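# A structural walkthrough
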Amino acid sequence: MAASSPDTAPAAPRVKRDRTHYLYIAVIAAVALGIAVGLIWPDAAVELKPLGTGFVNLIKMMISPIIFCTIVLGIGSVRKAAKVGAVGGIALGYFTVMSLVALAIGLVVGNVLHPGDGLHLTDALRQTGHAQVESDALPPVDFVLSIIPTSFVSAFTQGQVLQTLLVALLAGFALQAMGSAGQPVLRGVEHIQRLVFRILSMVMWAAPIGAFGAIAAVTGSAGLDALKSLAVLMLGFYVTCFLFVFVVLGALLRIVAGLNVFSLFKYLAREFLLILSTSSSESALPRLIAKMEHLGVSRPVVGITVPTGYSFNLDGTMIYMTMASLYIADALGTPMSVGEQIPLLLFLLLASKGAAGVSGAGLATLAGGLQSHKPALVDGVGLIVGIDRFMSEARALTNFAGNAVATVLVGTWTKEIDKVRVRRVLGGELPFDETTLLDEGRSTVSEVPEPREEGLVKA
């Protein structure tokens, strides 16, 4: 075999090219095409809804195994169970405070804009509003009991995030208590996680088709007339969500973690595009888990904060319910005083927890809450049905942004974040692997049962 010479020096190993940027260009094109089809052929566009629903369902089927693997690996690889409890307690406390802040902001904006003045309610809209009351939201006690699955396996088959969270916590603590005897199981779970994320990366190639169907159906069903008549409410809601995300959450992120919110959202740009095109924040949940781990937040924090936040940290939904309630009251000619508004909104805050995981939970929870607390306002729910799907995009984007920021904040407060890695990832030095959605070289269980604190920088 001939020796290498300066003229025939061995070539450097070829860097694997990331072709997924073509995928997201295709998603943008599909969204534009879907809007055009919805405006030109609205009746045909509505029939395309199963394309979007099918894609979102493909993503949802991956959520339970990803949550289970992430939490089991995270808890199983730390020594002290108290650390996990601290993460959960801080996360729930933060979620409660931010929900109240979101409600207060929506309350102020709704009282300033009065977007419902001058509208008229028809019998057809009244019937549409009452139809929304039939939801799957549960009373608080039943909601707590529903977290317990009927069997160990049903938590995965029924697609209930909180049931999966409970089973994963129990499995993680059990493996933690087993010590070195549980290491083979943890290695098996790690391999399953790699398989699940690889399947997810394959499913993502169907995103353009799902985006086209979802956007076309939404545009075709609402049309321009609904957008024009309810433009004030939509614009006010979008502006309020924008200010909440970039002013309130941005300030918190800068003060607590020292990070720029624009840098974080740039890192999550593909997830925001996915949510915008499907009107579902759940479509980005698995990728948020993977990206937060890659960013440098420890696995226990990511595994607990993200799934719990998707049920309890619904900032966009809080703003929506506040503004929608005031809008309906004004439209019906029965504006509420502040003394009436606050009890209603606190009731909706509790009711929204019982609707976690319900499809279309924003509108369903609003209708159910009004029926229970102020039945006279249910007639007006029909006024916003036409644009609810457009507003659901802002709800989903705000909910997602809130959970991304919450994960970084909880990681900082619990000192479970690698700040050096965060800077490198946001600076582009450590790109996210779109093929596997995992860092292949980072084993989680090689040091079991030692705690994973080697790379964590104390906040």
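Residues numbered from 1 in each chain as written. Predicted model: local features only at pLDDT ≥ 70, side-chain atom pairs only at ≥ 80, totals over all residues. Heavy atoms only, no water.

Turning next to the overall build of the protein. Check the secondary structure of the protein and you find 20 helices and zero strands. Residues counted as buried form 52% of the 459 residues belonging to the protein. Of the roughly 20,000 Å² of accessible surface on the protein, 66% is carried by carbon and sulfur atoms. (Helix = DSSP H or I, 4+ residues; strand = E, 2+ residues; numbered from the N terminus. Buried < 20%, exposed > 50% of the residue type's maximum accessible area, 1.4 Å probe, protein only. Areas by Shrake-Rupley, 256 points an atom, 1.4 Å probe, with all protein chains shown as cover.)

Residues with a pLDDT of 70 or more make up 77% of the protein, whose mean pLDDT is 77. Counted against residues more than four places away or in other chains, residues 1-15, with its pLDDT under 50, gives two contacts. Every residue in residues 446-459 scores below 50 in pLDDT, and together they form 38 contacts with partners more than four places removed in sequence or on other chains. (pLDDT = per-residue confidence, 0-100. Contact = heavy atoms within 4.5 Å.)

Our next topic: a nonpolar patch on the surface. Together, Leu-235, Val-239, Phe-242, Leu-243 and Val-247 give the surface a local cluster of nonpolar side chains, amounting to about 480 Å² of exposed area. The residue Val-239 is located in helix 11 (residues 231-257) in this model. Taking the relative accessible area as the measure of exposure, Val-239 reaches 40% and is therefore partly exposed. (Patch = residues over 30% accessible without salt bridge, like charges linked within 9 Å, V, L, I, M, F, W, Y side chains within 5 Å. Salt bridge = Lys/Arg side-chain N within 4 Å of Asp/Glu carboxyl O.)

On to the UniProt feature "transmembrane region" (unreviewed entry) in the protein, then. Under the feature "transmembrane region" (unreviewed entry), the UniProt entry names residues 21-41, 61-78, 90-113, 152-175, 195-218 and 230-256. Taken end to end, residues 90-113 comprises 100% helix and 0% strand; its first and last C-alpha atoms sit 35 Å apart. In the segment residues 195-218, helix accounts for 88% and strand for 0%; the C-alpha atoms at its two ends are 34 Å apart. (UniProt positions renumbered as here; feature names shortened; annotations may be inferred.)

The subject of this paragraph is the packing of aromatic side chains. Across all of its chains, the model carries eleven aromatic pairs by this definition. An aromatic cluster is defined as three or more aromatic residues linked by ring pairs; in this entry it consists of Phe-242, Phe-246, Phe-262, Phe-265, Phe-272 and Phe-400. Between the NZ or CZ atom of Arg-395 and the centre of the ring of Tyr-320, over which it lies, the distance is 4.2 Å. (Phe/Tyr/Trp six-rings, centres within 6.5 Å; stacked < 30°, edge-to-face > 60°. Lys NZ or Arg CZ within 6 Å of the ring centre and 35° of its normal.)

As a further point, take the pattern of salt bridges. Between side chains of opposite charge, a pair can form as their charged atoms come close. Within this structure, the stated rule accounts for five salt bridges. Glu-271 is the partner of Lys-291 in a salt bridge, and the nearest nitrogen-oxygen pair spans 3.2 Å. Of this pair, Lys-291 sits in helix 14 (residues 285-295) while Glu-271 sits in helix 13 (residues 269-278), and the two are 20 residues apart along the sequence. Note on accessibility: Lys-291 and Glu-271 belong to one class, buried. The closest approach of N and O atoms between Glu-293 and Arg-299, which form a salt bridge, is 3.0 Å.

A word on helix 9 (residues 183-203). For an α-helix, the turn length of 3.6 residues means that residues three or four places apart are oriented alike. For helix 9, spanning 21 residues, the distance from its first C-alpha to its last is 30 Å, which sits close to the expected 30 Å at 1.5 Å a residue. Inspection of helix 9 places Gln-183, Leu-186, Val-189, Glu-190, Gln-193, Val-196, Phe-197, Leu-200, Ser-201 and Val-203 among the buried residues, and these make up the whole buried set. In an axial view of helix 9, the angular spread of the buried residues amounts to 150°, which keeps them on one side of the axis. Along helix 9, the residues that are exposed and aim more than 90 degrees away from the buried face are Pro-184, His-191, Leu-195 and Met-202. (Expected span 1.5 Å × (residues − 1). Arc of directions from axis to C-beta.)

A positive phi angle, near 60°, is found at Lys-415, a position not held by glycine. We classify Lys-415 as partly exposed; its relative accessible area is 38%.

Here we come to the environment of Ile-328. Along the polypeptide, Ile-328 turns up in helix 16 (residues 315-331). C-alpha of Ile-328 to C-alpha of Leu-377: the two residues are 49 residues apart in sequence and 6.6 Å apart in space. Other than its neighbours up to four places away in sequence, Ile-328 contacts Leu-366, Leu-370, Leu-377, Gly-380, Val-381 and Ile-384.

This part takes up the packing of helix 3 (residues 49-76) against helix 15 (residues 299-312). Taken N-terminus to C-terminus, the directions of helix 3 and helix 15 make an angle of 140°; their axes are 7 Å apart at the nearest point. Comparing their axes, helix 15 and helix 3 come out oblique. Considering the relative orientation of helix 3 and helix 15, their crossing is left-handed. Contact residues: Ile-67, Thr-70, Ile-71, Leu-73, Gly-74 and Ile-75 in helix 3; Arg-299, Pro-300, Gly-303 and Pro-307 in helix 15. Partitioning the contact of helix 3 with helix 15 into residue classes produces six nonpolar, three polar and one charged. (Axes fitted to C-alpha atoms, helices over the stretch in contact; angles between N-to-C directions. Parallel < 35°, antiparallel > 145°, perpendicular 65-115°, else oblique. Left-handed = near helix turned anticlockwise from the far one by under 90°. Nonpolar A, V, L, I, M, F, W, Y, C, P; charged D, E, K, R; others polar.)

We now examine helix 16. A rise of 1.5 Å per residue sets the reference length of helix 16, with its 17 residues, at 24 Å; its end C-alpha atoms lie 24 Å apart and thus fit the reference within 8%. Positioned one or two residues after helix 16, Gly-333 has a phi angle of 75°, which is positive.

Attention shifts here to the packing of helix 3 against helix 9. Between helix 3 and helix 9, whose axes approach to 9 Å, the crossing angle comes to 155°. By the angle between their directions, the pair helix 3 and helix 9 is classed as roughly antiparallel. Like other packed secondary-structure pairs, helix 3 and helix 9 cross with a definite hand, here left-handed. Judged by residue contacts, Phe-55, Leu-58, Ile-59, Met-62, Pro-65, Ile-66, Cys-69, Thr-70, Val-72, Leu-73 and Gly-76 of helix 3 engage Leu-186, Val-189, Glu-190, Ile-192, Gln-193, Val-196, Phe-197, Ile-199, Leu-200 and Val-203 from helix 9. Classifying every residue of the contact of helix 3 with helix 9 by side-chain character gives 17 nonpolar, three polar and one charged.

A few words now on the environment of Met-292. Mapped onto the elements, Met-292 comes out in helix 14. With 14 residues separating them along the chain, Met-292 and Val-306 place their C-alpha atoms 9.2 Å apart. Other than its neighbours up to four places away in sequence, Met-292 contacts Leu-264, Tyr-267, Leu-268, Val-297, Val-302, Ala-404, Thr-407 and Val-408.

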